[in-house]
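# Breakdown of the fold
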Amino acid sequence: RAMCSGKLQTALLVAGYFVYLLVGAAVFQALERTAERQEKMAAAQMKEAFLQNFTQLTVAEMEQFMKNLIEAIQNGVYPVGNESQFEESNWDFSNSFFFAGTVVSTIGYGTLHPKTVGGQIFCVFFALFGIPLNIVFLHRVGKMLSLLCKKLGKFLYEKGMRKKKIKFLTLLFFLATGILVFLCLPSVFFQITEGWSYSEGIYFAFITLSTIGFGDYVVGKQSDRKYFSYYRVLVAIWIIFGLAWIALLFNL
Amino acid sequence: MLLAAYVGYLGLGAAVLQALERPAEVQAAQHLLREHWELLTNHTCLQGLALQRLIEGIIQAYKSGITLQGNTTSLGRWDYSGSFFFSISAITTIGYGNLSPSTVVGRIFCIVFALFGIPLNLVLLNEIGQLMLLGVQHCAHRLEEVFHWQNKASFLMKTCALVTGLLLFLLLPPLLFSDKEGWSYEEGFYYSFITLSTIGFGDYVIGMNPDRTYPSWYKNVISLWILFGMAWLALVIKFCINILE
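Residues numbered from 1 in each chain as written. Chains lettered and ligands numbered in written order. Predicted model: local features only at pLDDT ≥ 70, side-chain atom pairs only at ≥ 80, totals over all residues. Heavy atoms only, no water.

## Comments concerning the overall build of chain B
Along its length, chain B carries eight helices and two strands. Its helices and strands taken in sequence order, chain B reads α-α-β-β-α-α-α-α-α-α from the N to the C terminus. For chain B, the residues scored as buried account for 44% of the 245 residues in total. In chain B, 71% of the contacts between residues at least 6 apart in sequence involve partners at least 24 apart. For chain B, the exposed area adds up to about 12900 Å²; of that, 65% sits on carbon and sulfur atoms. (Helix = DSSP H or I, 4+ residues; strand = E, 2+ residues; numbered from the N terminus. Buried < 20%, exposed > 50% of the residue type's maximum accessible area, 1.4 Å probe, protein only. Contact = heavy atoms within 4.5 Å. Areas by Shrake-Rupley, 256 points an atom, 1.4 Å probe, with all protein chains shown as cover.)

## Some points on empty space enclosed by the protein
Rolled over the atoms, a probe sized like a water molecule indicates the empty space that remains. By the definition in use, this model includes three cavities of 30 Å³ or more. Of the voids in this model, the largest cavity is the one considered here, and its volume is about 100 Å³. In terms of residue count, helix H3 (residues 93–104) of chain A provides more of the lining of the largest cavity than any other element does, four residues in total. In the lining of the largest cavity, the residues fall into five nonpolar, four polar and two charged. Considered as a void within the structure, the second largest cavity measures approximately 60 Å³ in volume. Considering the residues around the second largest cavity, the lining is formed by Gly82(B), Phe85(B), Phe86(B), Ser89(B), Tyr96(B), Gly97(B), Asn98(B), Leu99(B), Val205(B) and Met208(B). Tallied by class, residues from the lining of the second largest cavity come to six nonpolar, four polar and no charged. (1 Å grid on protein atoms, 1.4 Å probe; cavity = no way out; pocket = protein on both sides within 12 Å on 5 of 7 lines; lining within 4 Å. Points joined across faces, edges and corners; volume = space filled by probe spheres on them. Nonpolar A, V, L, I, M, F, W, Y, C, P; charged D, E, K, R; others polar.)

## Brief notes about the layout of surface pockets
Taken as a whole, the second largest pocket holds about 1600 Å³ of empty space. Contributing to the lining of the second largest pocket are 49 residues, with Ile135(A), Ala247(A), Phe250(A), Ile118(B) and Leu122(B) lying nearest its centre. Contributing elements (two or more residues each) for the lining of the second largest pocket: helix H4 (117–158), helix H5 (163–193), helix H6 (198–209) and helix H7 (231–251) of chain A together with helix H4 (104–147) and helix H8 (218–244) of chain B. Here the residues of the lining of the second largest pocket sort into 33 nonpolar, 15 polar and one charged.

## Some remarks on the packing of aromatic side chains
Tallied over the full model, the rule gives 28 aromatic pairs over all chains. Summarising the aromatic geometry, the rings of Phe190(A) and Trp196(A) are spaced 5.7 Å apart at their centres and angled 50° between planes, so their arrangement reads as tilted. Through a chain of ring-to-ring contacts, three or more aromatic side chains come together here, namely Tyr109(A), Phe189(A), Phe190(A), Trp196(A), Tyr203(A), Phe204(A), Tyr217(A), Tyr231(A) and Trp238(A). A cation over an aromatic ring shows up here: Arg232(A) above the ring of Phe98(A), its NZ or CZ 4.9 Å from the ring centre. Taking NZ or CZ as reference, Arg107(B) lies 4.9 Å from the ring centre of Tyr203(A), over its face. (Phe/Tyr/Trp six-rings, centres within 6.5 Å; stacked < 30°, edge-to-face > 60°. Lys NZ or Arg CZ within 6 Å of the ring centre and 35° of its normal.)

## Describing a nonpolar patch on the surface
All names here are of chain B. On the surface, Leu162, Val163, Leu167, Leu168, Leu172, Leu175 and Tyr185 cluster together to form a nonpolar patch covering roughly 610 Å² of accessible area. By secondary structure assignment, the location of Tyr185 is in helix H7 (residues 185–196). Assessed through its relative accessible area of 35%, Tyr185 is described here as partly exposed. (Patch = residues over 30% accessible without salt bridge, like charges linked within 9 Å, V, L, I, M, F, W, Y side chains within 5 Å. Salt bridge = Lys/Arg side-chain N within 4 Å of Asp/Glu carboxyl O.)

## Some points on the packing of helix H6 (residues 173–180) of chain B against H8(B)
Residues and elements named next belong to chain B. Close contact between H6 and H8 brings their axes to 13 Å; oriented N to C, the two are set at 155°. Compared by their axis directions, H6 and H8 come out roughly antiparallel. Judged by the twist between their axes, the crossing of H6 over H8 is left-handed. Contacts from Pro173, Leu176, Phe177 and Lys180 in H6 reach Tyr218, Ile222 and Trp225 in H8. (Axes fitted to C-alpha atoms, helices over the stretch in contact; angles between N-to-C directions. Parallel < 35°, antiparallel > 145°, perpendicular 65-115°, else oblique. Left-handed = near helix turned anticlockwise from the far one by under 90°.)

## A look at the nonpolar core
Counting residues in each nonpolar core, the largest one holds 45 residues, and the members touching the most others are Val103(A), Phe177(B), Tyr191(B), Phe201(B), Ile206(B) and Trp225(B). Residue assignment for this core shows that the elements contributing at least two residues are H3 and H4 of chain A together with H4, helix H5 (151–171), H7 and H8 of chain B. With 12 residues, the single largest contributor to this core is H8(B). Contact partners of Val103(A), with chain neighbours within four places excluded, come to Cys123(A), Phe126(A), Ala127(A), Ile131(A), Ile199(B) and Phe201(B). Residues Tyr109(A), Phe182(A), Trp196(A) and Ile118(B) belong to the second largest nonpolar core, which totals 41 residues. (Core = buried A, V, L, I, M, F, W, Y, C linked by side-chain atoms within 4.5 Å.)

## A few points about the UniProt feature "domain: Potassium channel" (unreviewed entry) in chain B
Within this numbering scheme, the UniProt entry marks residues 73–132 and 168–244 of chain B as carrying the feature "domain: Potassium channel" (unreviewed entry). The span residues 168–244 of chain B carries 66% helix and 0% strand; its end-to-end C-alpha distance comes to 26 Å. (UniProt positions renumbered as here; feature names shortened; annotations may be inferred.)

## What about the side chain of Gln120(A)?
Its place among the elements puts Gln120(A) in helix H4. The class for Gln120(A) is buried, based on a relative accessible area of 2%. Every residue in contact with Gln120(A), bar those within four places of it in the chain, is listed here: Pro114(A), Lys115(A), Glu187(B), Tyr190(B) and Tyr204(B).

## Thoughts on the state of the cysteines
Under the counting rule described, the total for this entry stands at zero disulfides over all chains. Not engaged in a disulfide, the cysteine Cys149(A) finds its nearest cysteine sulfur in Cys184(A); these two sulfurs lie 17 Å apart. Here Cys139(B) stays free of any disulfide, with the sulfur of Cys160(B) as its closest cysteine sulfur at 8.6 Å. (Disulfide = S-S within 2.5 Å.)

## Digging into unusual backbone geometry
We note that Thr211(A) has phi near 65°; this positive angle belongs to a residue other than glycine. Phi at Thr198(B) is positive, roughly 65°, even though this residue is not glycine. Within the fold, Thr198(B) resides in the loop between H7 and H8.

## Points about the side chain of Thr170(A)
Residue and element names in this part refer to chain A. On the secondary structure map, Thr170 appears in helix H5. In terms of polar contacts, Thr170 uses its side chain to reach the backbone carbonyl oxygen of Ile166, at 2.8 Å. With residues up to four places along the chain from it excluded, the contact list for Thr170 reads Cys149, Leu152 and Gly153. (Polar contact = N/O pair within 3.5 Å; in protein donor to acceptor, adjacent residues only side chain to side chain.)

## What to know about the pattern of salt bridges
Residues and elements named next belong to chain B. Inspection of the entire model under this criterion finds one salt bridge over all chains. Between Asp179 and Lys180 there is a salt bridge whose closest N-O contact spans 3.1 Å. You can call Lys180 buried: its relative accessible area is 17%.

## Thoughts on H7(A)
With 21 residues, H7(A) should cover 30 Å at 1.5 Å per step; its first-to-last C-alpha distance of 31 Å lies within 8% of that length. Regarding H7(A), the residues found buried are Tyr231(A), Arg232(A), Val235(A), Trp238(A), Ile239(A), Ile240(A), Gly242(A), Leu243(A), Ala244(A), Trp245(A) and Leu248(A). (Expected span 1.5 Å × (residues − 1).)

Encoded structure:
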């Protein structure tokens, strides 16, 4: 009976975790999308006005243009390309969901961030409840990972090895496979999907899994590349297990 | 002694990063400046395509942290103060990202630096948190002795500590920020929480406005606030986790 309730708890936790992220994504999207649209229109108008006047361009006007452009960039709006880019939004559901994930995991890349007051305040409270939820969730995932290690330990014990040696070997195994699976292999993967160099991939993997999350490298953000449909889901799974692995490493 | 090691570690990281990143930054800034003036001399022939390239160039420069204002590019951000703040943002895992290493060596150093710095930071935060808890328990015992309240004292002290922490770390700092940075109160509150929870988007960062002058004590006080605020928030979150589990 106890085992049953344990499994139920885990299932509820996983479900609760994903529902939490989904709800958050929807709310962020609702709060931010209209503001983004306005920014886009303003940037396009600015570009139009500039083009109409370029024959009489002065230094002051150029400075002003640059200033406006930089403000637009700071708001995440890039006035390149043509009208078709109006349809794509930084705050579509997939992006908002990924954003919600970066909030509760405290990675916080910052390439996407709420600009409306409502979005910012919501973000604070979303994180306040989401971060503990995320930690508890990662604990459970970590327990699964440590079960694997315990199985290995048991196997070695039955083979007649001494306890100290088993401990050392399982730790080594845990460390080595973790580095391989969570740092080295993903970097190779990113070489293919993102076109980064191997060292850039390792840098990105480390900065992400340590939850530092500078945001200088982010997956799926290059507009001139085609990503297969479950790319970011795969990356999210990698992040979750990688974070759990690191959390376990700290507890050891 | 732990504190000394912590501060020393941060200082070391700052110095190394500055040495690694500054030259590359200066080079990139000069390159952009040259392009900027070349464009201006040719502006009578500016066409749609050239404009496109200009915009892309500016975006690229912005992403690597360079903005053009007036005759010179913005002041170098890998000066010692900036590098120190960067080190803090790395080992606390806040990771604003408004400043990030662009040289390969800088990045490798950043990884190694964080690899040892993050556990160091966690140990320090744990210590500070334990000290805070001890202080609260001590006060609770004192109250029990003086007023004979038994169980109520502990609860009262915990709520008191929560409220003081809330005021000190989340509700009052936004006032300072609105004075020194010109942010609204909500923005300051948002920044405070995002920083102390180590999410650290980087959309708001203190001391980055070139139009403002900051007093010399500003960044140091903020660093202290980050340290103690993080320890406090970590305690609060641990408390929430205990409730959840």
